[in-house]
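Residues per chain are reported as follows:
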Amino acid sequence: MSWKWSWMVVLLLVTGCASSPPPGRTPLQEIDRVIELDNQLGALRNMHCETHPIAEAVRQYVRGLNAISFHGAPDDFAAAFSRHRKAWEDSLPFFARYGALRGEMHDVFEFIRMKSPEDAADLEKVEAKIWGTWADVESAIKLHRNAPEPS
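Residues numbered from 1 in each chain as written. Predicted model: local features only at pLDDT ≥ 70, side-chain atom pairs only at ≥ 80, totals over all residues. Heavy atoms only, no water.

K.L.:
Which residues make up helix 6 (residues 105-115), and what values go with them?
P.N.:
Those residues of helix 6 not exposed but buried are Met105, Val108, Phe109 and Ile112. Looking straight down helix 6, one finds its buried side chains confined to an arc of 105°; they lie on one side. In this structure, the buried side of helix 6 is in contact with helix 2 (27-48), helix 3 (54-66), helix 4 (75-90), helix 5 (92-96) and helix 7 (117-145). Structurally, the start of helix 6 carries an N-cap: the backbone nitrogen of His106 is 2.7 Å from a side-chain oxygen of Glu104. (Buried < 20%, exposed > 50% of the residue type's maximum accessible area, 1.4 Å probe, protein only. Helix = DSSP H or I, 4+ residues; strand = E, 2+ residues; numbered from the N terminus. Arc of directions from axis to C-beta. Contact = heavy atoms within 4.5 Å. Polar contact = N/O pair within 3.5 Å; in protein donor to acceptor, adjacent residues only side chain to side chain.)

K.L.:
Just give me the short version of the packing of aromatic side chains, but keep the residues and values in it.
P.N.:
A full pass over the atoms with the stated rule returns 8 aromatic pairs. Ring geometry for Phe77 versus Phe81: centroids 5.9 Å apart, planes at 50°, classification tilted. With Phe77 and Phe81 both in helix 4 and 4 residues apart, the pair spans about one turn of that helix. Ring centres of Phe94 and Tyr98 lie 5.2 Å apart, and the angle between their planes is 55°; on these two criteria the pair is classed as tilted. Phe94 sits in the buried class, given a relative accessible area of 7%. (Phe/Tyr/Trp six-rings, centres within 6.5 Å; stacked < 30°, edge-to-face > 60°.)

K.L.:
So what about the layout of surface pockets? Which residues, and what values?
P.N.:
Within this model, the largest pocket holds a volume of roughly 270 Å³. Along its surface, the largest pocket is lined by 15 residues, and Arg45, Tyr61, His84, Trp88 and Trp131 are the ones closest to its centre. Classifying every residue of the lining of the largest pocket gives 7 nonpolar, 5 polar and 3 charged. (1 Å grid on protein atoms, 1.4 Å probe; cavity = no way out; pocket = protein on both sides within 12 Å on 5 of 7 lines; lining within 4 Å. Points joined across faces, edges and corners; volume = space filled by probe spheres on them. Nonpolar A, V, L, I, M, F, W, Y, C, P; charged D, E, K, R; others polar.)

K.L.:
Which residues make up the environment of Arg102, and what values do they have?
P.N.:
Its location among the elements puts Arg102 in the loop between helix 5 and helix 6. Linking Arg102 and His48, residues 54 residues apart in sequence, is a C-alpha distance of 9.0 Å. Residue contacts for Arg102: discarding those within four places in its chain leaves Cys49, Glu50, Thr51, His52, Pro53, Val108 and Phe111. Within the structure, Arg102 has its side chain in polar contact with the backbone oxygen of Gly99 (distance 2.5 Å).

K.L.:
If you had to explain the environment of Thr51 to someone new, which residues and values would you point to?
P.N.:
Tracing the chain through its elements places Thr51 in the loop between helix 2 and helix 3. Taking the C-alpha atoms as reference points, Thr51 and Glu104, separated by 53 residues in sequence, lie 9.0 Å from one another.

K.L.:
Lay out the packing of helix 4 against helix 7 in plain terms, naming residues and giving numbers.
P.N.:
Following both chains from N to C, one finds helix 4 and helix 7 inclined at 165°, their axes separated by 8 Å at the closest point. Considering their axes alone, helix 4 and helix 7 lie roughly antiparallel with respect to each other. Judged by the twist between their axes, the crossing of helix 4 over helix 7 is left-handed. Counted together, Asp76, Phe77, Ala80, Phe81, Arg83, His84, Ala87, Trp88 and Asp90 of helix 4 and Lys129, Ile130, Thr133, Trp134, Asp136, Val137, Ala140, Ile141, Leu143 and His144 of helix 7 form the full contact between these two elements. (Axes fitted to C-alpha atoms, helices over the stretch in contact; angles between N-to-C directions. Parallel < 35°, antiparallel > 145°, perpendicular 65-115°, else oblique. Left-handed = near helix turned anticlockwise from the far one by under 90°.)

K.L.:
Can you break down the packing of helix 3 against helix 4 residue by residue, with the values?
P.N.:
The N-to-C vectors of helix 3 and helix 4 enclose an angle of 155°; their axes lie 9 Å apart at closest approach. Regarding the angle of helix 3 to helix 4, the classification is roughly antiparallel. Once helix 3 is placed against helix 4, the crossing between them reads as left-handed. Two secondary-structure elements touch here, helix 3 through Val58, Tyr61, Val62, Leu65 and Asn66 and helix 4 through Phe81, His84, Arg85, Trp88 and Glu89. Looking at the contact of helix 3 with helix 4 residue by residue, the class counts come to 6 nonpolar, 2 polar and 2 charged.

K.L.:
If you had to explain the side chain of Thr133 to someone new, which residues and values would you point to?
P.N.:
Within the element layout of this structure, Thr133 appears in helix 7. On the accessibility criterion, Thr133 (10% relative accessible area) is buried. A polar contact of 2.9 Å, which involves the side chain of Thr133, links it to the side chain of His84. What Thr133 contacts, discounting residues up to four positions off in sequence, is Ala80, Arg83, His84 and Ala87.

Shown next, in the form of structure tokens:
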């Protein structure tokens, strides 16, 4: 299956699974649904860089994240995830500078680190924002996993 079709299938899954959750789902089930969709989109993003520019892979990933509905998910989780999506979106101008690099996404990150100390420092700033916002997502998940069940 081509990358284009893979992205389309995942986007259909995202929009189909995300449009309106079945009744009776708990906030934790909604969190799990969003994280599973993110995992699928992230796997595609990571491999898409093997044949396409990293900025295109990130753009497709962000497009997929934009399609996820947070209906039924806790507000703090949705807000943290929105900030994480924005961090990826904000990385696009940086990654656009490396259109010729190919490889699994983490390999592309290593190629960028090896180009120059300046490139490595710029990547570190991008990664810090992405990982910082992901830490907020994980904190929201932890908060809800540790919350007492409603009675």
